[in-house]
Amino acid sequence: MAAGDQYDVIIIGTGAGGGTLAYHLAPSGKRILLLERGDFLPRELENWDAEAVFVKNRYISPDTWYDANGKSFQPQVHYVVGGATKMFGAALYRLRKEDFGELRHQDGVSPAWPISYDEMEPYYTYAEQLYQVHGQHGEDPTDPPASAPYPWPAVSHEPRMQQLYDDMRRNGYQAFHAPCGILLDEKDRAASTCIRCQTCDGYPCLVHAKSDAEVIAVRPALEFPNVTLLRHAPVVQLNTSPTGREVTEVVVEHDGAREVYRGDIVVVSCGAANSAKLLLMSANDKHPHGLANGSDQVGRNYMFHNSRAVLAVSTGLNDTTFEKTLGLNDFYLKGVDGFEYPMGNIQMTGKSVAPMYRGEKPRLTMLAPTWSLKDVALHAVDFWLSTEDLPRPDNRVTVDAQGNIKLSYTPNNQAAADKLYEQLKSMLPHLGFQQGHLIQRDLYLQTEIPIAGVGHQSGTCRFGADPATSVLDINCRAHEVDNLYVVDTSFFPSIGAVNPALTAMANAVRVGDHILERLGVANPALTVSGSRTH
């Protein structure tokens, strides 16, 4: 490979969107270049060290971003092959069918998508098969229709989680087994890649047993000779033809020098904030406000969920190792006690351990002053609450003259998030917890600014049928640039209240089918409707 080489497709970013797209296109024989600003995440003992990961932020990017007031902060982003999926909890939910339509919330409207759930469904099934999701369709009453079962049975509950599941069901709540992307074979544990350890959610996996984009998509794609990965290669600019209708050059900083690559099709998948940054930094005479930004929508409608990690104190010990096996969507589409609006999703998060509590000690010890942090961890059960964050034009990414990201964000839909928190709190005495003992737990213990938790970032390049109100068309191609696509979560017009990774993966395959058709690849075995074996 040399600078100036011509490729059929250049994909910028290797996470849930870009990595999955590379996998789907790889068998086509077309020449594909993957550009990654980082490197492979190192495999080392610190992968499983809670203090290294959560206190010392060993794998967090050293980036500095700025809030609306100009205050600097360190975003919780990971520039590695596989992107954010290297650290995610592998909770691979479908959006609910209702999320694809207009939903009214207490604080406004969640807009309809330009495609229906039924159009996305086969791609969800493909992504679940590819990412080896464990689950049980239909156990959750809000679960949308599925054309095939999960490829693996649901991950079993350990005793304390089984007790919680049973207690919820006994009290009339429709708890379900959470969909989980781990390479676990419970029928043959000796041969299982996953060892069902405590270091999954928020950690990188030392044994490559998490269904992340590096393991599942990028490494298999690289087995094809037509696919090339260039690491340590941040893209700084996209140049266009004189008409502005095609991207002609992808400008990369690599080994201390600028290099230029050319592709017939260019796909941006840098994460919602950085994808917006790249388009804004690529302004030219034909695109004076940023590439593909004639609608002034690039960077706008940033969303990242109203999420809370909370810790409840169990009356008995919680010796669970793998805790993230249970979910509850009873309040996803409806409220309680006169609150008629959707509230959101409740699921478990990774089991907390004492080193995570550094910096949280004053709040934790108020619960039971005689307890040590180790005692708290032994009794802790950890929940993750997500409420839909509504798209707002003024919640946006901009870039200053030095190329720094400015993230302006004002929280919304807070009443629904508060209601969901209070609802869980009211349930605790009936579920084996000490009454009133529910506190917020910050997963990133050195982070003071809420907007720094950008794991579910989305919405900065929304797709739609109207070029005046969207950046991308329904195939995620830029309205104004014929060969430019965006396949990360930037395309979301709304975010729902469940983890966005599976939707990004499914959509990347959907867009991949469109790109294959455009490239003249007629082999049906490459498409969702075909018979490709994973």
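Source: prediction; values computed, not measured.

## Here's the deal with the overall build of the protein
For the protein, the helix and strand inventory stands at 10 helices and 19 strands. The C-alpha atoms of the protein give 22 Å as radius of gyration, which agrees with the globular expectation for 534 residues (24 Å, within 12%). Principal-axis analysis of the C-alpha atoms gives the protein an extent of 70 × 55 × 45 Å. Counting the 534 residues in the protein, one finds 62% classified as buried. Across the protein, every contact between residues at least 6 apart in sequence was considered, and the portion connecting residues at least 24 apart equals 73%. Only carbon and sulfur atoms are counted for the fraction: they give 49% of the accessible area of the protein, which is about 19700 Å². Here the protein carries 46 positive and 62 negative side-chain charges, and the mean point of each set is 2 Å from the other.

## With respect to the pattern of salt bridges
For the coordinates displayed, the defined rule picks out 25 salt bridges. Residues glutamate 128 and arginine 94 are paired through a salt bridge, measuring 2.7 Å at the closest nitrogen-oxygen approach. Taken together, the residues glutamate 128 in helix 3 (residues 117-130) and arginine 94 in the loop between strand 4 (72-73) and strand 5 (103-105) connect sequence positions 34 residues apart. In terms of burial, glutamate 128 and arginine 94 fall into one category: buried.

## Considering the nonpolar core
Within the largest apolar cluster, 116 residues are counted, with the highest numbers of intra-cluster contacts made by Ile12, Leu35, Leu238, Leu484 and Ile515. A per-element tally of this core places helix 10 (residues 501-518) first, with 10 residues. Dropping the residues within four chain positions of it, leucine 484 is found in contact with Leu238, Val247, Val266, Val268, Leu279, Leu291, Ala292, Cys476, Arg477 and Ala478. Counting 27 residues, the second-largest nonpolar core is a separate cluster that includes Met161, Val310, Leu326 and Met343.

## Thoughts on the packing of aromatic side chains
Scanning all chains against the criterion turns up 17 aromatic pairs. Seen from their ring centres, phenylalanine 304 and tyrosine 409 are 5.0 Å apart, and the 80° between their planes marks the pair as edge-to-face. On the criterion of sequence distance, the pair formed by phenylalanine 304 in the loop between helix 6 (272-281) and strand 12 (306-314) and tyrosine 409 in the loop between strand 17 (405-408) and helix 9 (414-427) is long-range, its members being 105 residues apart. Taken as a pair, phenylalanine 304 and tyrosine 409 share a single burial class, namely buried.

## Some thoughts on helix 4 (residues 159-170)
Given a rise of 1.5 Å per residue, 12 residues ought to cover 16 Å, and the 16 Å separating the end C-alpha atoms of helix 4 matches this to within 8%. Positive phi shows up at glycine 172, right after helix 4, with a value of about 90°.

## A closer look at the sheet that holds strand 4
The 4 strands are arranged 4-3-17-16 in an open sheet whose pairing can be described as mixed. Two strands bound the open sheet, and with one partner strand each, they are strand 4 and strand 16 (396-399). In the sheet, strand 3 (residues 65-67) pairs with strand 17 via 2 bridges, with the strands oriented parallel. By the bridge assignment for strand 17, aspartate 67 is matched with leucine 407. Across the sheet, helix 6 is in contact with strand 3, strand 16 and strand 17; its angle to strand 16 comes to roughly 40°.

## Thoughts on the packing of helix 1 (residues 18-25) against helix 10
Where helix 1 meets helix 10, the axes come as close as 8 Å, and the angle between the chain directions of the two elements is 40°. With respect to each other, helix 1 and helix 10 are oriented oblique. Both helix 1 and helix 10 take part in a crossing whose hand is right-handed. Residues Thr20, Leu21, His24 and Leu25 of helix 1 lie in contact with helix 10, whose contacting residues are Met505, Ala508, Val509, Gly512, Asp513, Ile515 and Leu516. Its residues assigned to classes, the contact of helix 1 with helix 10 comprises 7 nonpolar, 3 polar and 1 charged.

## Here's the deal with the state of the cysteines
Here the structure, examined in full by the defined rule, presents 0 disulfides. This cysteine, cysteine 197, is not joined by any disulfide, and cysteine 205 carries the nearest cysteine sulfur, 6.1 Å off. Cysteine cysteine 200 remains unbridged, with the sulfur of cysteine 180 as its closest cysteine sulfur at 6.2 Å.

## Concerning the packing of helix 3 against helix 10
Two elements in contact, helix 3 and helix 10, have axes separated by 8 Å at closest approach and are oriented at 110°. Taken as axis vectors, helix 3 and helix 10 run roughly perpendicular relative to one another. When you trace helix 3 past helix 10, the crossing you get is right-handed. Counting all contacts with helix 3, which are made through Met120, Tyr123, Tyr124, Tyr126, Ala127 and Glu128, the residues of helix 10 involved are Leu502, Thr503, Met505, Ala506, Asn507, Val509, Arg510 and Asp513. Among the residues making up the contact of helix 3 with helix 10, the classes are represented as 9 nonpolar, 2 polar and 3 charged.

## Some details on the environment of isoleucine 115
Structurally, isoleucine 115 is set in the loop between strand 6 (108-110) and helix 3. A residue is classified by how much of its surface remains accessible, and isoleucine 115, at 4% relative accessible area, is buried. In this structure, the C-alpha to C-alpha distance between isoleucine 115 and asparagine 475, residues 360 residues apart in sequence, is 9.7 Å. Not counting chain neighbours up to four residues away, the residues in contact with isoleucine 115 comprise Phe100, Met120, Phe463, Ile474 and Arg510.

## Structural notes on the side chain of histidine 105
In this structure, histidine 105 sits in strand 5. Of the residues examined, histidine 105 reaches a relative accessible area of 6% and is grouped as buried. Within the structure, the side chain of histidine 105 is placed 3.4 Å from the side chain of asparagine 413, a separation counted as a polar contact. Discounting chain neighbours no more than four positions away, the residues touching histidine 105 are Ser110, Tyr341, Pro342, Glu388, Leu390 and Asn413.

## Quick notes on the side chain of glutamine 76
Mapped onto the elements, glutamine 76 comes out in the loop between strand 4 and strand 5. In terms of polar contacts, glutamine 76 uses its side chain to reach the backbone carbonyl oxygen of glutamine 74, at 3.3 Å.

Analysis parameters
- Numbers given for residues are sequential positions, taken from 1 along each chain in its written order.
- Only residues with pLDDT of at least 70 get local features here, since the model is predicted, and only at 80 or more are side-chain atom pairs given and counted; chain-wide, interface and lining totals rely on the full set of residues.
- The basis for the side-chain values is all heavy atoms of the structure; hydrogens and waters are excluded.
- Working definition: helices are DSSP H or I runs of at least four residues, strands are E runs of at least two. Numbering for both runs from the N terminus.
- Computation of the radius of gyration draws on C-alpha atoms, with the globule rule given as 2.2 Å multiplied by the number of residues to the power 0.38.
- Any residue under 20% of the maximum accessible area for its type is buried, any over 50% is exposed, and the rest in between are partly exposed; the area is computed with a 1.4 Å probe on protein chains only.
- Pairs of residues are marked as contacts when any of their non-hydrogen atoms sit within 4.5 Å.
- In short, Shrake-Rupley with a 1.4 Å probe defines the accessible areas, and a residue's cover is counted only from the protein chains shown.
- Neither His nor the chain ends is counted toward charge; the positive residues are Lys and Arg and the negative residues Asp and Glu.
- Charged side chains are reduced to one point each, which is NZ for Lys, CZ for Arg, CG for Asp and CD for Glu.
- What counts as a salt bridge is simple: a side-chain nitrogen of Lys or Arg found within 4 Å of a carboxyl oxygen of Asp or Glu.
- The definition of a nonpolar core used throughout is a set of buried Ala, Val, Leu, Ile, Met, Phe, Trp, Tyr and Cys residues joined through side-chain atoms within 4.5 Å.
- Classification of ring pairs rests on two measures: the distance between centres of Phe, Tyr or Trp rings, Trp counted by its six-membered ring, which must be within 6.5 Å, and the angle between planes, read as stacked under 30 degrees, edge-to-face over 60 and tilted in between.
- Helices are assigned an expected span. That span is 1.5 Å times one less than the residue count.
- By this definition, two strands are paired if DSSP reports at least two bridges between them.
- Axis lines are fitted through C-alpha atoms, for helices just across the contact stretch, and the angle between N-to-C directions can take any value from 0 to 180 degrees.
- Roughly parallel here means an angle under 35 degrees, roughly antiparallel means over 145, roughly perpendicular means 65 to 115, and every remaining angle is called oblique.
- In this scheme the crossing of two helices becomes right-handed for a clockwise turn of the near helix relative to the far one and left-handed for an anticlockwise turn of less than a right angle.
- All amino acids are sorted into three groups, where Ala, Val, Leu, Ile, Met, Phe, Trp, Tyr, Cys and Pro are nonpolar, Asp, Glu, Lys and Arg are charged, and the leftover types, Gly among them, are polar.
- Criterion for a disulfide: a pair of cysteine sulfur atoms at a distance within 2.5 Å.
- Whenever a nitrogen or oxygen atom comes within 3.5 Å of another N or O atom, the pair is scored as a polar contact, on the condition that within protein one atom can donate a hydrogen and the other can accept it, and that pairs from neighbouring residues in sequence are kept only if both atoms are in side chains.

So, to be careful, I would describe these as geometric facts and stop short of saying anything about function.
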